Amino acid sequence: MKRHGLNNVVELVGRPRPRAEEAHASRRARRIVAVGGGKGGIGKSLVSANLGIALARAGHRVTLVDADLGGANLHTCLGIAQPQGTLSDVVTRGARLETLAAPTGIENLSLVSGAMDALDAANPRAQARARLVEQLQTLDADYLVLDLGAGTSLHTIDFFLLADHGVLVLLPEPTSVENAYRFLKAALFRRLQQAAQALGVAHLAEAALGSQGSAMRTPGEVVKAVAEMQPDAAAQLDRSLREFRVKLVVNQVRSSADQSVGRAVVAAWKKFFGLDMDYLGAIAYDDAAWQTVRKRRALLIDAAASTAATDLVTVAQALAALDRPRTGR
Amino acid sequence: MTATEEPTLYDVLEVDPGSSVDELRAAVERARETYGPESLAVYALVDEVQLGELRAKLDEAASVLLDPARRATYDRSIGRLGPSTLWTEDEEEDPAPLPPVEPGPHAPETPLELEASGDEEGEEPRQEAFALELDDRSGPFARAAPESEEPPAPGPLLSEDWAAAVPAEQQTPRASTQPEPAVETPAAPVETAGRGAAGETSGVPGEAEPAGRNEDPAASSDAESPSERGRLPPSLGLRVKPGAGPASPAPEHEPSPEPAVAPGPAERAPEPPARPREGRSRLDIPADAEFNGELLRRVRESYGLSLQQVAERTRITRIHLENVEADRYDHLPATVYLRGILVNLARELRLDPARVSKTYLLAAQRAHGRAP
């Protein structure tokens, strides 16, 4: 199931992929979901694990991949032992991803651990990373859910960009929002760079971004600048940037004011950056969430009736709905 | 995103031009929640200049669209294709740049000054929409509502803040020498000051009485709240700034008449003692002046303000200010941001923000060889 014969990260994320057409050609395309958010401790792993469970319960074949290379603990969220093989085996030994996927005890759900204890492992070299990416792209599952680490390191950003659905988790707190935006902007910027590079208009994009002071230009402005010289490339660039359509989840919502944060973020992002964002929903702050983590059990397994669990299921449904053939949408 | 046209006020509020008043109100409320100072959603998303500009736009949209008469006029103006009309109307008003624009007919053209919605003021809390929060926070969107007509106005609030916020260099000298008299004298002008600032604070029902202003000088002479100083200036923006703050300490200047830049009597009063050196700009700026970097620099200098001071007050990066004054268009940020910078700068310099940004941007566009 080779997709495009592209074999490096830059191209993979940079070139506009003919995803839609391809999807309709065969069965429904496999989807890669990456869960990120910039800040640590905001529930990325919780969301990833339970999103995986919810999707698996809905009948999808799901592989969870712990892509928090430096601090993998998705297995703990699921209440299983750390799988023997990890992503580092792909990077260092060229192991196949399929062979590493361990059962989780939940039907349709397997886990690839990301634990990398080798000193250098959290920052694999470009080539090793490219190999990993290719395997991720070709893994046979309906959904591949990547749990990303905190921060805005290059590999984290690249995983996020590589996904069909980049899910941004944030808490209704300034620190989290700040980091989330930093993460988003870093990802968007890289997307822009890569797309421009793939289209051979990197110099134009650079010039447009230029030394224009602190404020980053909006994607639209960059596209416009490029269009003055190369209209065709600009059109593609525009398309590629619009694919940067982040899915938002607001976690640990406590008040009605918190409830409105998600919509506000979507609106503000659109207002200032001109890009759409899909709001998947809010997850209530719920004692059950941390309690189950302490018990090392998955929320959806151990406290399926809790508010947070219900919310997570709703989020999973919203996500899956995005992939449904475009009848309902 | 690629649209080059100015967004309409409806675009700004993200509503359909056919929206009902209720829908508009809801949109304003929504916008306030989303983009107001309390909103998490804009935290660290963009810089203050961009945010300030958006808020100013939203204020403008709210004040125009929620006023049936002004909305009607505005609708007509966008209907008959803006630019040229805007220009002419603009010019008419220019003689008195900043000040109270007549609420009526011209309203639509010069949005920035429109806030002067006079008539049915009282009933609506809307005016305060964004401006209100600004008072105590940062954000130059505080409206300058000319409506000083009605109540004595709680203007003092602003001036007070401002006084406290005045950079030490400016206050200390005067304050230390004659703090006492300063406190007293302003009393009279206070009334006027209040009126001048009225519009801006009009949202705050009778909080501070004019007398409050008397406190300023004292407060400022103490000048021991550097933190406040750093924080406030940018927020108060507008007219009050130049005049009110430093004004109090040096009442002697009071009587000095206002040159061309001066708006209306109401606003003037507090001004005179305003600037460090000269009470106010001595520049005679023609109504139809086209603002370029050179002119802006002269206005700034006429106030005896350094780039650094302006940068601190407006929170506009000094580099940007320098580039603006040098007409280095290529080094300036994108138009949307640049407009924000110009608006803030104009307010600081007591110039008509709409006119400054319009003429400056036009010149920039010309320089780029694009049609305006």
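Residues numbered from 1 in each chain as written. Chains lettered and ligands numbered in written order. Predicted model: local features only at pLDDT ≥ 70, side-chain atom pairs only at ≥ 80, totals over all residues.

**Remarks on the overall build of chain A**
The condition that has to hold: Only runs of H or I of at least four residues qualify as helices and only runs of E of at least two qualify as strands under DSSP, and these elements are numbered from the N terminus. Exposure classes come from backbone-placed C-beta atoms, where a residue is buried if 20 or more other C-beta atoms lie within 10 Å of its own, exposed if 12 or fewer do, and partly exposed in between.
Regarding its fold elements, chain A presents 17 helices and eight strands. When the 329 residues of chain A are sorted by exposure, 52% land in the buried category.

**Digging into the nonpolar core**
The cut-off we apply is this: Nonpolar cores are built from buried Ala, Val, Leu, Ile, Met, Phe, Trp, Tyr and Cys residues. These are joined into a set through C-beta atoms within 7 Å. Note on contacts: residues are paired as contacts if their backbone-placed C-beta atoms lie within 7 Å.
With 132 residues, the main nonpolar core has Val33(A), Leu146(A), Leu312(A) and Leu13(B) as its most contacted residues. Looking at which element gives the most residues to this core, the answer is helix 9 (residues 174-198) of chain A, with eleven residues. Sequence-distant contacts of Leu13(B), that is, excluding residues within four places in its chain, are made with Leu24(B), Ala27(B), Val28(B), Ala31(B), Leu58(B), Ala61(B) and Leu65(B). Within the second largest apolar cluster, 27 residues are counted, among which are Ala289(B), Val299(B), Val310(B) and Ala334(B).

**A look at the environment of Asp286(A)**
Residues and elements named next belong to chain A. Within the secondary structure, Asp286 sits in the loop between strand 8 (277-284) and helix 15 (287-294). In the structure, Asp286 is positioned 23 residues away from Ala309 in sequence and 8.9 Å away in space, judged by C-alpha atoms. Setting aside residues no more than four positions away along its own chain, Asp286 makes contact with Ser306, Thr307 and Ala308.

**Brief notes about the interface of chain B and chain A**
Put simply, the rule is: Each residue gets one of three labels, nonpolar for Ala, Val, Leu, Ile, Met, Phe, Trp, Tyr, Cys and Pro, charged for Asp, Glu, Lys and Arg, and polar for the others, Gly among them.
Taken together, the contact pairs 21 residues of chain B with 24 residues of chain A. Sorting the residues of the side of chain B that touches chain A by element identifies helix 2 (21-35) and helix 18 (318-325) of chain B as the ones contributing at least two each. At three residues, the largest contribution of residues to the side of chain B that touches chain A is made by helix 2 of chain B. Considered class by class, the residues forming the side of chain B that touches chain A number 13 nonpolar, six polar and two charged.

**Thoughts on helix 3 (residues 44-57) of chain A**
All names here are of chain A. Operational definition: Residue count minus one, scaled by 1.5 Å, sets the expected span of a helix.
Over its 14 residues, helix 3 extends 20 Å from the first C-alpha to the last, a length consistent with the 20 Å expected when each residue adds 1.5 Å. With respect to burial, helix 3 is a largely interior element, 13 of its 14 residues being buried. Just downstream of helix 3, Gly59 is the residue with a positive phi angle, here 100°.

**Things to note about helix 19 (residues 335-348) of chain B**
Residues and elements named next belong to chain B. In this model helix 19 runs 20 Å from its N-terminal to its C-terminal C-alpha over 14 residues, within 8% of the 20 Å that 1.5 Å per residue would give. Of all 14 residues making up helix 19, twelve are buried, and the element is well covered by its neighbours. Turning to helix 19, its buried residues are Tyr337, Leu338, Arg339, Gly340, Ile341, Leu342, Val343, Asn344, Leu345, Ala346, Arg347 and Glu348. Looking one or two residues beyond helix 19, the residue adopting positive phi is Arg350, at roughly 60°.

**A look at the packing of helix 8 (residues 154-162) of chain A against helix 9 of chain A**
Residue and element names in this part refer to chain A. Inclusion rule: Angles run from 0 to 180 degrees between N-to-C directions of axes, and those axes are lines fitted to C-alpha atoms, restricted for helices to the stretch in contact. Roughly parallel covers angles under 35 degrees, roughly antiparallel covers those over 145, roughly perpendicular covers 65 to 115, and oblique covers all other angles.
At a minimum axis distance of 10 Å, the contact between helix 8 and helix 9 shows a crossing angle of 70°. If you check the angle between helix 8 and helix 9, you find them roughly perpendicular. Where helix 8 abuts helix 9, its residues Ile157, Phe160 and Leu161 lie against Ala186, Ala187, Arg190 and Arg191. Of the residues belonging to the contact of helix 8 with helix 9, the class tally is five nonpolar, no polar and two charged.

**Section: the packing of helix 14 (residues 261-273) of chain A against helix 2 of chain B**
The packing of two helices is summarised by the inter-axis angle and the distance between the axes. Packing of helix 14 of chain A against helix 2 of chain B brings their axes to within 9 Å, and their N-to-C directions diverge by 90°. As judged from the angle between their axes, helix 14 of chain A and helix 2 of chain B are roughly perpendicular. Contacts between helix 14 of chain A and helix 2 of chain B involve Ala264(A), Ala267(A) and Ala268(A) from the first element and Glu33(B), Thr34(B) and Tyr35(B) from the second. Across the contact of helix 14 of chain A with helix 2 of chain B, the residue classes tally to four nonpolar, one polar and one charged.

**Examining the confidence of the model for chain B**
Residues and elements named next belong to chain B. What counts is decided by this rule: pLDDT measures how confident the predictor is about each residue, on a scale from 0 to 100.
In this model, chain B carries an average pLDDT of 60, and 43% of its residues clear a pLDDT of 70 or more. Throughout residues 80-279 the model reports pLDDT below 50, and contacts reaching past four residues in sequence, or to other chains, amount to 411 contacts. Model confidence for the complex is summarised by a pTM of 0.57, with the ipTM given as 0.75.

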